[in-house]
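Topology and contacts: notes
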Amino acid sequence: MFKSWLFWLVAFLVWNILILAIKKIMAKKWPSRIKTLDLNLPLLILGLHFMSKNLMGLSLLPFLIFALALFGIAMTLMYAFLEGDIIYRAFFVRYLRVADIVFFCSFMIFLVLEICQTFI
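Small disclaimer: the values here were computed from a predicted structure and weren't measured.

**Looking at helix α4 (residues 88-119)**
Taking 1.5 Å per residue, 32 residues should reach 46 Å; α4 reaches 46 Å between its end C-alpha atoms and fits that length. Looking at the buried residues of α4, the elements they touch are α1 (5-25), α2 (36-56) and α3 (61-83).

**A look at the packing of α3 against α4**
Taken N-terminus to C-terminus, the directions of α3 and α4 make an angle of 150 degrees; their axes are 11 Å apart at the nearest point. One element, α3, and the other, α4, form an angle in the roughly antiparallel class. Judged by the sense of rotation from one axis to the other, the crossing of α3 with α4 is right-handed. Each of Leu 61, Leu 64, Ile 65, Leu 68, Ala 69, Phe 71, Gly 72, Met 75, Thr 76 and Tyr 79 in α3 lies in contact with α4, whose residues at this interface are Ala 90, Phe 91, Arg 94, Tyr 95, Val 98, Ala 99, Val 102, Phe 103 and Ser 106.

**Let's talk about the pattern of salt bridges**
This structure, assessed with the given rule, holds one salt bridge. For Asp 38, the salt bridge is made with Arg 97, and the minimal N-O distance between the two is 2.6 Å. Taken together, the residues Asp 38 in helix α2 and Arg 97 in helix α4 connect sequence positions 59 residues apart. Classification of Asp 38 as buried rests on a relative accessible area of 15%.

About the cut-offs
- Residues numbered from 1 in each chain as written.
- Predicted model: local features only at pLDDT ≥ 70, side-chain atom pairs only at ≥ 80, totals over all residues.
- Heavy atoms only, no water.
- Helix = DSSP H or I, 4+ residues; strand = E, 2+ residues; numbered from the N terminus.
- Expected span 1.5 Å × (residues − 1).
- Contact = heavy atoms within 4.5 Å.
- Axes fitted to C-alpha atoms, helices over the stretch in contact; angles between N-to-C directions.
- Parallel < 35°, antiparallel > 145°, perpendicular 65-115°, else oblique.
- Left-handed = near helix turned anticlockwise from the far one by under 90°.
- Salt bridge = Lys/Arg side-chain N within 4 Å of Asp/Glu carboxyl O.
- Buried < 20%, exposed > 50% of the residue type's maximum accessible area, 1.4 Å probe, protein only.

Encoded structure:
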């Protein structure tokens, strides 16, 4: 079940529709700092793990986590060097946005590769 690209595509679409519906219902109470992509991160991580393991035989997840850890260290050093101090809220928001983009792009790439492998 988890190995099928169709499962992950449907799960991603249903999850996003659910989030958008809840966001629409709670329009005035929805925190403006929480983005839809932030709530997708756990689903993207799971999907990326299963699809990369199915496609390549090993999970891409440890490599991405290590790369994001190195990016976080570099980002911390740059903040400390350029600005003189680290504003934690700004740091975590930017770091989370980068992680969102990395995992989303990786998920989409593996989804397309899985679909191509199925039909070609």
